[in-house]
Amino acid sequence: MHDIVQDYYGKQLHSTDDLKTTACCDASAVPAWLKPLLAKVHPEVLSRYYGCGLVCPQLLEGCRVLDLGSGSGRDVYALAQLVGNRGEVIGVDMTPEQLAVAEQHRAWHAEKYGYSNVHFLQGYIEKLGVLDLEPGSFDVIVSNCVVNLSPDKDAVLRGVYRLLKNGGEFYFSDVYADRRVPESVRDDPVLYGECLGGALYWNDFIRLAHRHGFADPRLVEDRPLEITDPKLAPRVGN
Ligand SMILES: C[S@@+](CC[C@H](N)C(=O)[O-])C[C@H]1O[C@@H](n2cnc3c(N)ncnc32)[C@H](O)[C@@H]1O
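A brief structural summary. None of the values given here were measured: they were computed from a predicted structure.

Observations regarding the packing of helix H4 (residues 74-83) against helix H6 (residues 106-113)
Thinking step 1. Taken N-terminus to C-terminus, the directions of H4 and H6 make an angle of 25 degrees; their axes are 12 Å apart at the nearest point. Judged by the angle between their axes, H4 and H6 are roughly parallel. Relative to H6, the crossing made by H4 is right-handed. Along the contact surface, H4 presents Tyr77, Ala80 and Gln81, while H6 presents Arg106, His109 and Tyr113.
Thinking step 2. Considered class by class, the residues forming the contact of H4 with H6 number three nonpolar, two polar and one charged.

Topic: the environment of Asp229
Thinking step 1. Looking at where Asp229 falls in the secondary structure, it is placed in the loop between helix H10 (202-211) and helix H11 (233-236).
Thinking step 2. Among the residues examined, Asp229 registers a relative accessible area of 17% and is labelled buried.

Points about the site of the ligand
Thinking step 1. Around the ligand sit 21 residues, and of these Tyr50, Gly69, Asp93, Thr95 and Glu126 come closest.
Thinking step 2. Interatomic distance of 2.9 Å between a backbone N/O atom of Tyr50 and an oxygen atom of the ligand.
Thinking step 3. Between the ligand and Met94, the relevant distance is 3.2 Å, taken from a nitrogen atom to a main-chain nitrogen or oxygen of the residue.
Thinking step 4. Here the ligand occupies the largest cavity.
Thinking step 5. Considering each element in turn, the shell around the ligand owes the most residues, three residues, to helix H1 (residues 2-12).

A short note on the packing of aromatic side chains
Thinking step 1. Counted under the stated rule, the structure contains ten aromatic pairs.
Thinking step 2. Here Tyr77 and Phe120 contribute two aromatic rings whose centre-to-centre distance is 5.7 Å and whose plane-to-plane angle is 65 degrees, an arrangement assigned as edge-to-face. In this pair, Tyr77 sits in helix H4 while Phe120 sits in strand S3 (residues 118-122), placing the two residues 43 residues apart along the sequence.
Thinking step 3. Here Trp202 and Phe205 contribute two aromatic rings whose centre-to-centre distance is 5.3 Å and whose plane-to-plane angle is 45 degrees, an arrangement assigned as tilted. In this pair, Trp202 and Phe205 both sit in helix H10, three residues apart, roughly one turn of the helix.
Thinking step 4. One aromatic cluster is present, formed by Tyr161, Phe170, Phe172, Tyr176, Trp202, Phe205 and Phe214 through successive ring pairs.
Thinking step 5. Over the ring of Phe138 we find Arg64, and its NZ or CZ is 4.3 Å from the ring centre.
Thinking step 6. The residue whose ring lies beneath Arg74 is Tyr49, and the NZ or CZ to ring-centre distance is 3.6 Å.

Digging into the packing of helix H7 (residues 153-163) against H10
Helix-helix packing is described using two parameters, namely the angle between the two axes and the distance between the axes.
Thinking step 1. Taken N-terminus to C-terminus, the directions of H7 and H10 make an angle of 40 degrees; their axes are 9 Å apart at the nearest point. When the interaxial angle is binned, H7 and H10 end up oblique. The handedness of the crossing between H7 and H10 comes out as right-handed. Facing H7, whose interface residues are Lys153, Asp154 and Leu157, H10 presents Leu208, Ala209 and Arg211.

Concerning the pattern of salt bridges
Thinking step 1. Scanning the model with the defined rule gives eleven salt bridges in all.
Thinking step 2. A salt bridge links Arg207 to Asp204; the nearest nitrogen and oxygen atoms lie 2.9 Å apart. In this pair, Arg207 and Asp204 both sit in helix H10, three residues apart, roughly one turn of the helix.
Thinking step 3. If you follow the salt bridges from partner to partner, you end up with Arg180, Asp204 and Arg207 in one network.

Procedures and definitions
- Residues numbered from 1 in each chain as written.
- Predicted model: local features only at pLDDT ≥ 70, side-chain atom pairs only at ≥ 80, totals over all residues.
- Heavy atoms only, no water.
- Axes fitted to C-alpha atoms, helices over the stretch in contact; angles between N-to-C directions.
- Helix = DSSP H or I, 4+ residues; strand = E, 2+ residues; numbered from the N terminus.
- Parallel < 35°, antiparallel > 145°, perpendicular 65-115°, else oblique.
- Left-handed = near helix turned anticlockwise from the far one by under 90°.
- Contact = heavy atoms within 4.5 Å.
- Nonpolar A, V, L, I, M, F, W, Y, C, P; charged D, E, K, R; others polar.
- Buried < 20%, exposed > 50% of the residue type's maximum accessible area, 1.4 Å probe, protein only.
- Near = heavy atom within 4 Å.
- Polar contact = N/O pair within 3.5 Å; in protein donor to acceptor, adjacent residues only side chain to side chain.
- 1 Å grid on protein atoms, 1.4 Å probe; cavity = no way out; pocket = protein on both sides within 12 Å on 5 of 7 lines; lining within 4 Å.
- Sits in = over half its atoms within 2 Å of the grid points.
- Phe/Tyr/Trp six-rings, centres within 6.5 Å; stacked < 30°, edge-to-face > 60°.
- Lys NZ or Arg CZ within 6 Å of the ring centre and 35° of its normal.
- Salt bridge = Lys/Arg side-chain N within 4 Å of Asp/Glu carboxyl O.

Here it is as structure tokens:
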């Protein structure tokens with residue numbers, strides 16, 4: 001599954017406009033507090049945004065934040081402004097093309113913000129333990145539309161729990177289904193890449209969270225997704 005997803009985000013998609021569902025937020029859905037932060041993010045980084053919404057606390061000054069599946073770095077560069085020069089934001093992604101865009105604009109952002117507090121690491125979110133990240137060292141871990149793409153969600157939550165400080169929090173947006181997704185949807189590479197095939201049944205997610213020590217998972221906001229590509233819609237089966 002990693003190869004399919006890497007190919008999708010590294011080679012098939014070139015910009016937000018290539019997506020085939022409304023999983024990716026439209027501009028009107030960007031919350032007011034985020035708009036001034038995004039105004040200071042490089043246009044090429046913004047053009048390769050494939051998320052379904054950044055969920056995070058806004059008071060993060062001085063915090064250490066990790067972004068799982070950071071893509072071209074939109075959220076990392078927004079968070080960099082919230083944590084300020086005493087904080088740090090690290091983005092992890094497995095796809096070289098996505099990381100290259102993020103990395104390419106690091107100096108541009110450092111100059112714009114007046115400080116450099118961002119790092120990107122190539123790696124799998126199921127194997128956070130092999131990256132040079134100290135256990136119990138992050139105040140907040142975020143992820144924007146990535147956990148569904150993981151073939152081993154148990155490993156992801158286990159790794160997140162290990163890296164969070166005592167009292168730290170995991171904030172993420174993702175795609176969920178109101179039933180277990182059938183095999184035909186799970187095995188379709190485009191549906192998987194579009195964040196539908198790997199979507200968890202909501203109740204399975206709650207069980208998974210509890211299993212890994214997240215005692216009190218909370219839903220902040222939700223909305224139904226629409227499949228905007230007419231060729232793709234029948235493949236979902238409804
Ligand atoms: C839907 S995009 C979201 C990217 C970014 N969060 C954003 O909002 O633009 C999914 C990203 O997660 C990365 N990704 C997917 N599965 C991954 C995994 N198992 N390990 C590391 N990165 C992964 C992909 O390479 C891609 O950049």
